[in-house]
Amino acid sequence: MLAPLFERFSRAAIDAGATVEQIPRSSTALASAIRRVTGEARRIAFANAIDLPSDPFEECRRAPNVVTARSRIELSSLDAGITEAFAGIARTGSVCVSVDHGEAGTISLLARMHIAVLASETIIERPADLFRPDCLGAKGLHRNFVFITGPSATADMGPLVRGVHGPHRLHLIVLA
Amino acid sequence: MPANISPSIPSPRSVADKSDKSALLAAIRMALQVESSAVRHNTQSFNRGRYAATSAIPDYETLKDKARAIKEDSLARLPELLAALEASVSRNGGHFHLAPTAADASRYVAEVCREAGVRLVVKGKSMTSEEIGLNRALDALGIQVVETDLAEFILQVADEQPSHIIAPAIHYSRERITALFKRSFRTDLPLATGEELTAFARGRLREKFLQADAGITGANFIAADSGTLVLVESEANIRMASLLPPLHIAIAGVEKIVPSRKDFGPFLELLAASATGQPMTSYTSVISPPLKAAPVLAEGDAPPRQFHLVLVDNGRLNLGQDECLREALYCIRCGACLNSCSNFQTVGGHAFGGETYSGGIGGTWESATRGLQNARFSELCTGCSRCVPQCPVRIDIPWLNTVLRQRLGQLDVGKRPAPNPLAPSADSGASLSRLFFARYDLLAKWGSRFPKFSNWIGQFAPARVLLERLFDVDRRRHLPLFASPTLVEASRQLRLDQPQARKDGSSRKSVLFADVFTNYGSISRGLAALRVLRALGVDVVVSNVVADGRATLSQGLIAAAARQAERTVALLRPYLKDGRDIIVVEPSVLAMFHHDYRHLLKSGPAGELLQTLRERSFEATEYVGMVLQENQINAAEVFPALRHPLGTKLFYHSHCQQKTMGCAAPTELLLRAAGFDVVTSQVECCGMAGSFGYKKDFYELSLAVAEDLFAQVRKAESGGRRILVASGTSCQEQLQAGLGRPVLHPLELLGETLRQAVVASVP
């Protein structure tokens with residue numbers, strides 16, 4: 001029998017170089033998880049969530065290291081960028097992040113570390129499932145999104161290097 | 001040593017154009033001296049990764065069928081899908097341009113950039129943009145183009161062409177990149193690790209991303225009904241190029257269209273697994289540009305986003321009309337056919353490739369986009385077929401290269417290449433050397449009539465010089481000896497050619513096909529097969545000898561191969577009617593029946609028999625294993641390994657086409673079941689590949705390919721000698737050439753341990 005979706009998702013994501021944790025679904029738990037992961041980070045930014053219910057990042061935004069100005073230099077020097085992910089893929093360990101709503105696209109791309117937050121019930125089996133009309137309920141599939149599978153990486157410089165143009169680290173927080 | 005230090009070694013650029021054969025030979029020498037070790041290391045690492053990743057996909061074969069069906073459907077409906085895509089893109093607010101030629105595509109992009117006042121372009125990896133020579137067109141307008149894929153960045157710095165369709169700088173070792181960067185950027189930084197090199201490049205390129213006025217990317221798949229692009233990458237440079245600047249231009253071949261987003265599914269899983277051996281690469285963007293979120297770069301007033309989709313024809317629509325080569329359009333550019341190719345693993349795409357496209361699939365692409373004469377490097381395809389099961393859209397790449405071989409021959413004699421490869425005149429361009437290798441059957445027939453004379457000639461130095469001059473047969477190669485008597489003659493003498501009715505033993509009836517390689521060359525393999533099968537109670541007879549078409553096909557003489565195929569099927573028909581299985585000793589001949597005949601016997605009575613022939617023909621050792629299993633005979637009792645005079649430890653190398661047909665594993669299983677301690681080779685092909693390694697032009701390459709195999713034997717023998725065993729004739733020759741020791745066929749080995757009494761007592 002296959003292991004539960006979350007376990008397979010988690011294993012595949014770790015194989016791809018991400019880190020994964022599952023936390024209770026509360027804004028306090030989320031805020032403390034993000035504090036734990038961002039640690040000493042001096043500059044972090046949040047993208048507005050549109051798929052997760054209410055505003056999951058409300059509590060987190062009060063932290064002193066959160067920046068809100070959005071010049072290109074500021075975006076490019078982020079230590080951590082936090083976005084939601086609207087789906088997870090068990091087979092590949094990927095998360096799906098909308099890139100055309102607010103700043104999720106750039107924040108998930110330019111920050112040194114990307115933290116993606118997703119609801120456990122949005123983890124599906126395989127990438128192809130996403131394109132089924134009934135997959136994510138009535139909301140339907142985002143028009144512009146990216147499957148993110150581990151941090152940016154390259155094998156062009158000889159050995160495998162994690163951390164190229166995009167984030168050097170990917171942390172996934174699954175809301176149980 | 002960097003290529004540009006020694007004047008005697010050509011630079012990759014200087015051999016990019018291989019329309020002349022001397023450039024191909026120079027490129028092979030250059031690659032063997034400079035690039036081989038990095039290419040070998042990197043391709044083999046991709047190759048292992050792909051095997052691991054694809055074996056983790058539970059419905060891998062079904063996904064491939066789905067992917068193939070989507071591509072077939074899309075290409076069949078191309079005009080309709082192009083119209084739908086054009087409508088979708090403009091509905092989304094973008095611009096669509098169908099470029100008939102490379103020049104037109106470049107001109108369009110340059111014009112768009114000029115009108116938008118672009119000064120700096122960040123570019124993602126795109127083979128199509130290489131194909132159309134885009135950078136030159138933008139340079140000419142004074143627009144700076146920065147390649148941001150790290151491999152393309154290396155090539156831009158080094159001014160070289162790609163050597164691999166997904167890893168364009170695969171020929172660069174870490175050490176050579178360090179040397180290149182230190183020299184080109186005049187830096188004292190150590191740059192001694194992959195991390196340091198990456199950080200260095202990231203720093204330089206991040207600045208460019210933030211300043212760029214335009215981003216140019218390719219596209220892996222495009223949905224016609226929504227104008228959605230799939231962009232597959234790992235470094236995040238394509239995300240940058242498509243997201244940050246206000247202007248995004250995507251350039252792709254027309255063949256990238258699929259009907260709708262739901263058709264992306266199978267490809268998303270197949271592409272990364274087949275390419276880099278990952279379930280998915282770091283980033284797979286699914287976007288329908290222009291995006292709505294404001295471009296990041298803008299300070300103050302954000303200019304509106306602009307998107308242009310440039311679809312390139314440049315020979316593709318013509319390729320779609322080519323009955324033989326059309327399926328190359330299904331290619332999704334995963335590079336599996338490059339990574340699984342022994343020749344490619346040894347020289348890479350600077351030798352086995354053209355200006356843009358490389359490897360087995362590259363010949364057809366260069367031919368379609370730049371002209372047939374640029375496909376000359378496809379000669380490095382030996383037809384070993386290892387790429388065939390690796391292709392996610394099931395393209396028969398060896399067949400494409402065989403067709404190119406025939407057409408190049410016609411081109412060389414000044415004829416217009418015939419579209420129908422089966423037309424008798426289509427073979428007329430074959431060179432003397434090709435005719436020599438193609439008609440091995442005639443040579444062997446006469447050679448084995450006068451074996452003393454012909455075998456003496458084969459070792460007589462002046463004769464070898466002549467053979468080399470006239471027919472390109474390398475004088476350093478030991479030529480296989482002609483046998484007398486032949487297998488057919490010997491089996492008659494030993495009365496092994498008559499049916500043998502037995503009440504006990506196997507109920508199977510069979511015929512051993514006397515292929516030309518076994519009949520005139522290594523008859524002991526054939527005799528061993530007969531002896532073993534008879535001992536197992538199989539009613540086996542021997543057929544007459546007939547050329548099956550393998551030798552002619554390998555030289556691109558397709559029409560001749562088709563005639564031979566018809567004669568072969570005519571010879572085998574009565575045996576099949578009589579309920580006999582067809583047993584084949586030489587794996588490359590069995591591959592003709594299973595695989596290649598479908599191209600040669602499309603219609604007529606021979607074509608109708610093909611399915612039966614495929615189902616009822618077996619590799620000899622595989623067949624022995626089947627008979628044992630059906631009769632519940634224990635291999636260890638019939639073939640007790642301990643009885644073998646040379647011991648029980650062996651090294652087994654299976655034949656490339658045998659692996660592709662799935663009959664390598666049964667042989668290994670049988671040898672182990674008999675009690676042998678078996679170490680198997682872990683190479684795709686030995687490098688001899690039939691006639692390939694005998695040719696003067698490819699002798700060094702052939703032996704360089706075999707180095708891995710020889711090294712594996714030496715490693716396996718660190719604890720003592722092993723018996724060398726191989727199933728293919730030319731593999732045996734290659735192993736013998738490299739290791740100086742005789743090589744046995746599995747059935748010769750098993751035959752020497754046979755305990756007839758045990759079999760006779762089985763009810």
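The model shown is predicted, which means the values in this text are computed figures rather than measured ones. (Residues numbered from 1 in each chain as written. Chains lettered and ligands numbered in written order. Predicted model: local features only at pLDDT ≥ 70, side-chain atom pairs only at ≥ 80, totals over all residues. Heavy atoms only, no water.)

Novice: Please clarify how the overall build of chain B should be interpreted in this entry.
Specialist: Scanning chain B from terminus to terminus reveals 35 helices and 17 strands. Taking 763 residues into account, the globule formula puts the C-alpha radius of gyration at 27 Å, and chain B, at 28 Å, falls close to it. Taken along its principal axes, the extent of the C-alpha atoms in chain B is 95 × 55 × 50 Å. Out of the 763 residues belonging to chain B, those deemed buried represent 66%. Look at the contacts in chain B between residues 6 or more apart in sequence, and 77% of them connect residues 24 or more apart. By element, 53% of the accessible surface of chain B is carried by carbon and sulfur atoms, the whole surface being about 27400 Å². Averaging the positions of the 86 positive and the 77 negative side-chain charges in chain B gives two centres separated by 4 Å. (Helix = DSSP H or I, 4+ residues; strand = E, 2+ residues; numbered from the N terminus. Rg over C-alpha atoms; globule rule 2.2 N^0.38 Å. Buried < 20%, exposed > 50% of the residue type's maximum accessible area, 1.4 Å probe, protein only. Contact = heavy atoms within 4.5 Å. Areas by Shrake-Rupley, 256 points an atom, 1.4 Å probe, with all protein chains shown as cover. Lys, Arg positive; Asp, Glu negative; His and termini not counted. Charge placed at Lys NZ, Arg CZ, Asp CG, Glu CD.)

Novice: Please clarify how the sheet that holds strand β8 (residues 145-148) of chain A should be interpreted in this entry.
Specialist: With respect to topology, eight strands assemble into an open sheet ordered β7(A)-β4(A)-β5(A)-β8(A)-β9(B)-β6(B)-β5(B)-β8(B), the strand pairing being mixed. The open sheet has two edge strands, β7 (123-124) of chain A together with β8 (257-258) of chain B, and neither has a second partner. Where strand β5 (residues 221-223) of chain B and β8 of chain B come together, two bridges link them in parallel fashion. Residue pairing for β8 of chain B: A223 of chain B is matched across the bridge by V258 of chain B. (Pairing = 2+ DSSP bridges.)

Novice: Explain the side chain of R407 of chain B to me, please; I cannot follow it from the model alone.
Specialist: Tracing the chain through its elements places R407 of chain B in helix α16 (residues 397-412). Excluding residues that lie within four positions of it along the chain, R407 of chain B makes contacts with D322, C324, L325, L372, P417, A418 and P419 of chain B.

Novice: What is the right way to look at the domain arrangement of chain B in this model?
Specialist: Interface extent is often summarised as the accessible area lost during association of the parts. All names here are of chain B. What the domain assignment lists for chain B is domain 1 (1-56 + 334-418), domain 2 (59-314) and domain 3 (487-761). Measuring from the centre of the C-alpha atoms in domain 1 to the corresponding centre in domain 3 gives 29 Å. The interface is formed by 29 residues belonging to domain 1 together with 26 residues belonging to domain 3. Taking both partners together, domain 1 and domain 3 bury about 2300 Å²; carbon and sulfur atoms supply 58% of that area. Together, R40, R386 and W399 form the three largest contributors to the area buried by domain 1 at its contact with domain 3, with a combined 23%. The interface formed by domain 1 and domain 3 holds five salt bridges in total. Here R40 and D708 are joined by a salt bridge, their closest N and O atoms 3.1 Å apart. Summed over the shared surface of domain 1 and domain 3, the number is 15 residue pairs in polar contact (both at pLDDT 80 or more). (Domains from an automatic or database assignment. Buried area = accessible area lost by both parts, 1.4 Å probe. Salt bridge = Lys/Arg side-chain N within 4 Å of Asp/Glu carboxyl O. Polar contact = N/O pair within 3.5 Å; in protein donor to acceptor, adjacent residues only side chain to side chain.)

Novice: What should I look at first to understand the nonpolar core in this one?
Specialist: A general trend in soluble globular proteins is that nonpolar side chains are found buried together. Residues and elements named next belong to chain B. In this structure, I361, F593 and L600 are the most contacted members of the largest nonpolar core, which totals 201 residues. Ranked by the residues each element gives to this core, the list is headed by helix α1 (residues 21-55), at nine residues. Apart from residues no more than four positions distant in its own chain, F593 is found in contact with F513, T568, L572, I582, V584, L610, L613, R614 and S617. Among the nonpolar cores identified, the runner-up in size contains 46 residues, and V540, M626, V725 and L749 belong to it. (Core = buried A, V, L, I, M, F, W, Y, C linked by side-chain atoms within 4.5 Å.)

Novice: Whenever I open this one, the pairing of strand β15 (residues 649-653) of chain B confuses me. Can you help?
Specialist: Regular strands have side chains that alternate between both faces of the sheet. Residues and elements named next belong to chain B. Burial of β15 is extensive: four of the five residues sit out of reach of the surface. Taken together, the four bridges between β15 and strand β16 (residues 677-680) define a ladder with parallel strand orientation. From the neighbouring strand, K649 faces β16, where its bridge partner is D677. Bridge analysis of β15 against strand β17 (residues 723-726) gives four bridges, and the strand direction is parallel. Each bridged residue has a counterpart across the sheet, and for L650 the counterpart in β17 is I723.

Novice: What exactly am I supposed to notice about empty space enclosed by the protein here?
Specialist: Residues and elements named next belong to chain B. Per the stated rule, a full pass over the model turns up nine cavities of 30 Å³ or more. Taken as a whole, the largest cavity spans an internal volume of roughly 150 Å³. In this structure, the largest cavity is lined by 19 residues; those nearest its centre are C341, S342, C381, T382 and C384. Put simply, the parts of the chain that give the lining of the largest cavity at least two residues each are α14 (342-347) and α16. Per element, the largest residue contribution to the lining of the largest cavity is three residues, and it comes from α16. When the residues that make up the lining of the largest cavity are grouped by side-chain class, the tally is ten nonpolar, eight polar and one charged. The calculated volume of the second largest cavity comes to roughly 90 Å³. Residues of the lining of the second largest cavity, tallied by class, amount to twelve nonpolar, one polar and one charged. (1 Å grid on protein atoms, 1.4 Å probe; cavity = no way out; pocket = protein on both sides within 12 Å on 5 of 7 lines; lining within 4 Å. Points joined across faces, edges and corners; volume = space filled by probe spheres on them. Nonpolar A, V, L, I, M, F, W, Y, C, P; charged D, E, K, R; others polar.)

Novice: Looking at this structure, I do not really get helix α18 (residues 440-447) of chain B. What am I missing?
Specialist: Residues lying three or four places apart along an α-helix face the same way, a consequence of the helix completing one turn every 3.6 residues. Residue and element names in this part refer to chain B. When α18 is considered as a whole, its buried residues turn out to be Y440, D441, A444 and G447. The buried residues of α18 all sit within an arc of 135 degrees when viewed along its axis, so they share a single face. The elements touched by buried residues of α18 are α17 (432-438), α19 (451-457), α22 (516-520), α24 (550-554) and α25 (558-577). (Arc of directions from axis to C-beta.)

Novice: Which parts of the structure should I look at to understand the packing of helix α26 (residues 587-600) of chain B against helix α27 (residues 604-616) of chain B?
Specialist: What describes two packed helices is the angle between their axes and the distance between those same axes. Residue and element names in this part refer to chain B. For the pair α26 and α27, interaxial distance at closest approach is 9 Å and the crossing angle is 160 degrees. Taken together, the axes of α26 and α27 lie roughly antiparallel to each other. Two packed elements cross with a definite hand, and for α26 against α27 that hand is left-handed. Contacts from F593, H594, Y597 and R598 of α26 reach α27 at L610, L613 and R614. For the contact of α26 with α27, the residue count by class is four nonpolar, one polar and two charged. (Axes fitted to C-alpha atoms, helices over the stretch in contact; angles between N-to-C directions. Parallel < 35°, antiparallel > 145°, perpendicular 65-115°, else oblique. Left-handed = near helix turned anticlockwise from the far one by under 90°.)

Novice: Help me out: how do you make sense of helix α9 (residues 194-211) of chain B in this one?
Specialist: Over its 18 residues, α9 of chain B runs 26 Å from end to end, which matches the ideal 26 Å to within 8%, given 1.5 Å per residue. Among the residues making up α9 of chain B, those that are buried are G194, L197, T198, F200, A201, R202, L205, R206, F209 and L210 of chain B. (Expected span 1.5 Å × (residues − 1).)

Novice: Would you mind showing me how to read unusual backbone geometry here?
Specialist: Glycine aside, a negative phi is what most residues show, and trans is what most peptide bonds show. Residue and element names in this part refer to chain B. For the bond from P289 to P290, the omega torsion is 5 degrees, close enough to zero to count as cis. If you trace the backbone, P290 turns up in the loop between β9 (283-287) and β10 (306-312). Of the consecutive residues S484 and P485, the connecting peptide bond is found in the cis state with omega at 0 degrees. Its location among the elements puts P485 in the loop between α20 (461-471) and α21 (487-493). With phi around 55 degrees, R394 is a residue other than glycine that occupies positive phi space. As for its position among the elements, R394 is in the loop between α15 (359-370) and α16.

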